[in-house]
Amino acid sequence: MSQAETKTELADLIRERIRRNGPVTFRWFMEQALYHPEWGYYSRPNQKIGREGDFYTSVSVGPVWGRIMASQFLAAWKIMGRPHAFAIVEQGAHDGRFAYDVLSWLSRNSPELFEELVYVIVEPNKNFEAEQRVLLTQNFKEKTKWLKGLMDLDTSAFLGVIFCNELLDAFPVHRVVFQRGKWWELFVDISGPEDQFHLSLGDLSIDSLRRQLEIIGPREENQMAEVNLKAINWASDVSSALRAGLVLAVDYGMSRTELYSSARPHGTFRCYHKHRLVDDPFAAIGATDMTCHVDFTSVAESGERGGLQVIGFLDQHHFLVGASQTYFSPLIEGSGKMSPDLQAELRQLQALMHPSTMGMAFHFLAMVKHVPELKNLPGLSFGDDPRKALGLCQPPPVNDYGS
Ligand SMILES: C[S@@+](CC[C@H](N)C(=O)[O-])C[C@H]1O[C@@H](n2cnc3c(N)ncnc32)[C@H](O)[C@@H]1O
């Protein structure tokens, strides 16, 4: 793809803004490219994930992902003492497939939790909400609820789980480069008779970015990186939204030390179109997915500052080793041979756990409020000390958990 394909309404809108106000931050550009309400990548009608789309996620591998996660939510509910009015809150629910798989499994396997359950989807995108309602309303009308943002949750009442898969890596980021002893920010500018897009360097646009780069510290000459301030703020929002329970965030990502190491001189920003990496973020703006890996250390620090306690940080492979024991044991015990459904589930599990693809690329960050016993969740059984793995300061901040 070339920039010849960028003569679209969205590209024109971005050019117009640059002509008027000068170069824009990469974060603003990425926000438009992914989330502009009319022309952004995630606002296109029939936006698909999986074979027909631009990338796969664990949800698109098949229903076993949602079913195994449902068995973990059930375990969390039991550990929390089977409270009434338990909520599962999902953010980034896309077409609602994960919610459908979770609710279907719980309705069949745990009528007690299903009775108490409300499944809340946090969804600002009206196209996705409409799609989710079509999928979920017929069977689960009484169990589902939609909110526009986390701040709309009734925080005094909310007991349960907040879950997201590949939400944080889809947030717009600032991009920076270390040169001549300091960090510079990448901006999007235009030049030439055709108003071609290109990147330019400038001073840091906001104070919060400067503060975060002070934490990251100096790097090697020309090292590039991304800073996802929205993911850091998200952790503080979820800590305020939850009265008691579990926060589980699954995503591409790693600890801060690993993410910003010299092994990644170009950072981790990537664009995908039809399952292929695209080098130029300005080719097909609004038709290309953009993403970058999550700095889980900074997300966890923000959660701890907000009153959450970190109880797990491990790759998807190790999480599923623990979680699938609980899920598969009752299915295998007693039955002499495997049903076709079980065989399909095991094939899906292999894809989710494969060490050279999804198994190692994705990490689970688990944080809790008021219920430290949730560290006994089966999926966390094979994780190492999470605070050590994340490189968090010792000891943890003292939180006033109240009563
Ligand atoms: C990479 S997709 C992942 C979808 C799904 N969780 C999965 O694993 O297949 C990222 C999703 O996050 C959604 N998203 C981004 N920002 C959001 C926000 N602030 N609130 C809710 N959803 C958001 C996007 O619309 C998109 O559906």
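Note: the structure precedes this text.
Definitions and limits used
- Residues numbered from 1 in each chain as written.
- Predicted model: local features only at pLDDT ≥ 70, side-chain atom pairs only at ≥ 80, totals over all residues.
- Heavy atoms only, no water.
- 1 Å grid on protein atoms, 1.4 Å probe; cavity = no way out; pocket = protein on both sides within 12 Å on 5 of 7 lines; lining within 4 Å.
- Points joined across faces, edges and corners; volume = space filled by probe spheres on them.
- Helix = DSSP H or I, 4+ residues; strand = E, 2+ residues; numbered from the N terminus.
- Near = heavy atom within 4 Å.
- Polar contact = N/O pair within 3.5 Å; in protein donor to acceptor, adjacent residues only side chain to side chain.
- Areas by Shrake-Rupley, 256 points an atom, 1.4 Å probe, with all protein chains shown as cover.
- Nonpolar A, V, L, I, M, F, W, Y, C, P; charged D, E, K, R; others polar.
- Phe/Tyr/Trp six-rings, centres within 6.5 Å; stacked < 30°, edge-to-face > 60°.
- Buried < 20%, exposed > 50% of the residue type's maximum accessible area, 1.4 Å probe, protein only.
- Lys NZ or Arg CZ within 6 Å of the ring centre and 35° of its normal.
- Pairing = 2+ DSSP bridges.
- Core = buried A, V, L, I, M, F, W, Y, C linked by side-chain atoms within 4.5 Å.
- Contact = heavy atoms within 4.5 Å.
- Axes fitted to C-alpha atoms, helices over the stretch in contact; angles between N-to-C directions.
- Parallel < 35°, antiparallel > 145°, perpendicular 65-115°, else oblique.
- Disulfide = S-S within 2.5 Å.
- Left-handed = near helix turned anticlockwise from the far one by under 90°.

### As for empty space enclosed by the protein
Then, in step 1: The final tally for this structure, using the stated rule, is 2 cavities of 30 Å³ or more.
Then, in step 2: The calculated volume of the largest cavity comes to roughly 90 Å³.
Then, in step 3: Lining of the largest cavity is provided by 14 residues; of these, Glu 226, Val 227, Asn 228, Tyr 260 and Asp 295 occupy positions nearest its centre.
Then, in step 4: Listing elements by their share of the lining of the largest cavity, those giving two or more residues are strand 9 (224-227), helix 9 (229-241) and helix 11 (296-305).

### Re the site of the ligand
Then, in step 1: Lining the immediate surroundings of the ligand are 17 residues, of which Tyr 35, Thr 57, Gly 92, His 94 and Asn 165 lie closest.
Then, in step 2: Here a nitrogen atom of the ligand and a backbone polar atom of Gly 92 are 2.7 Å apart.
Then, in step 3: Side-chain polar atom of Asn 165 to an oxygen atom of the ligand: 2.7 Å apart, as the coordinates give it.
Then, in step 4: The protein chains hide 93% of the 590 Å² of surface that the ligand would expose on its own.
Then, in step 5: Along the lines of polarity and charge, the residues of the shell around the ligand split into 11 nonpolar, 5 polar and 1 charged.

### A look at the packing of aromatic side chains
Then, in step 1: Going through the model one piece at a time under the given rule, you end up with 18 aromatic pairs.
Then, in step 2: Ring centres of Phe 98 and Phe 163 lie 4.7 Å apart, and the angle between their planes is 10 degrees; this geometry places the pair in the stacked category. With Phe 98 in helix 5 (residues 97-109) and Phe 163 in strand 5 (residues 159-165), the pair connects residues that are 65 residues apart, well separated along the chain. This pair shows no difference in class: Phe 98 is buried, exactly as Phe 163 is.
Then, in step 3: Put simply, the rings of Phe 26, Phe 29, Phe 197, Phe 269 and Phe 282 pair up and form one aromatic cluster.
Then, in step 4: When the ring centre of Phe 26 is taken as origin, the NZ or CZ atom of Arg 175, which lies over that ring, is 4.8 Å away.
Then, in step 5: The ring of Trp 184 is capped by Lys 182, whose NZ or CZ atom sits 4.2 Å from the centre of that ring.

### Brief notes about the pairing of strand 8 (residues 196-202)
Then, in step 1: Pairing analysis gives 7 bridges linking strand 7 (residues 182-191) to strand 8, with the strands arranged antiparallel. From the neighbouring strand, Asp 189 faces strand 8, where its bridge partner is His 198.

### Quick look at the layout of surface pockets
Then, in step 1: Of the voids in this model, the second largest pocket is the one considered here, and its volume is about 380 Å³.
Then, in step 2: Forming the boundary of the second largest pocket are 19 residues, of which Trp 105, Asn 109, Tyr 327, Pro 330 and Leu 331 lie nearest the centre.
Then, in step 3: Elements represented by at least two residues in the lining of the second largest pocket include exactly helix 4 (64-79), helix 5, helix 12 (316-332) and helix 13 (340-353).
Then, in step 4: The greatest single-element share of the lining of the second largest pocket, amounting to 5 residues, is contributed by helix 4.
Then, in step 5: When grouped by side-chain class, the residues that make up the lining of the second largest pocket number 8 nonpolar, 5 polar and 6 charged.

### Observations concerning the nonpolar core
Then, in step 1: Ranked by size, the top nonpolar core spans 56 residues in total, and within it Leu 106 and Leu 246 carry the most contacts.
Then, in step 2: Here this core gets 10 residues from one element, more than from any other, and that element is helix 4.
Then, in step 3: Not counting residues within four places of it along the chain, the set of residues in contact with Leu 106 comprises Ala 70, Leu 74, Ile 88, Pro 111, Leu 113, Phe 114 and Leu 117.
Then, in step 4: The next biggest cluster of nonpolar side chains, apart from the first, holds 32 residues, and it includes Leu 167, Phe 171, Val 238 and Val 310.

### Things to note about the packing of helix 12 against helix 13
Then, in step 1: Axis separation between helix 12 and helix 13 bottoms out at 10 Å; the angle between their running directions is 170 degrees. One element, helix 12, and the other, helix 13, form an angle in the roughly antiparallel class. Judged by residue contacts, Gln 316, His 317, Leu 320, Val 321, Ser 324, Tyr 327, Phe 328, Leu 331 and Ile 332 of helix 12 engage Leu 342, Glu 345, Leu 346, Leu 349, Leu 352 and Met 353 from helix 13.
Then, in step 2: A breakdown of the residues in the contact of helix 12 with helix 13 according to their chemical character gives 11 nonpolar, 3 polar and 1 charged.

### Quick word on the state of the cysteines
Then, in step 1: Here the structure, examined in full by the defined rule, presents 0 disulfides.
Then, in step 2: In this structure Cys 164 is not part of a disulfide, and its nearest cysteine sulfur, from Cys 292, lies 15 Å away.
Then, in step 3: The exposure class of Cys 164 is buried, given its relative accessible area of 1%.

### Things to note about the packing of helix 1 (residues 9-21) against helix 2 (residues 26-35)
The packing of two helices is summarised by the inter-axis angle and the distance between the axes.
Then, in step 1: It is at 10 Å that the axes of helix 1 and helix 2 come closest, and there the two elements cross at 155 degrees. Overall, the two elements helix 1 and helix 2 adopt an arrangement that is roughly antiparallel. Seen along the crossing, helix 1 lies across helix 2 with a hand that is right-handed. Residue-level contacts link Leu 10, Leu 13, Ile 14 and Arg 17 of helix 1 to Trp 28, Phe 29, Gln 32 and Ala 33 of helix 2.

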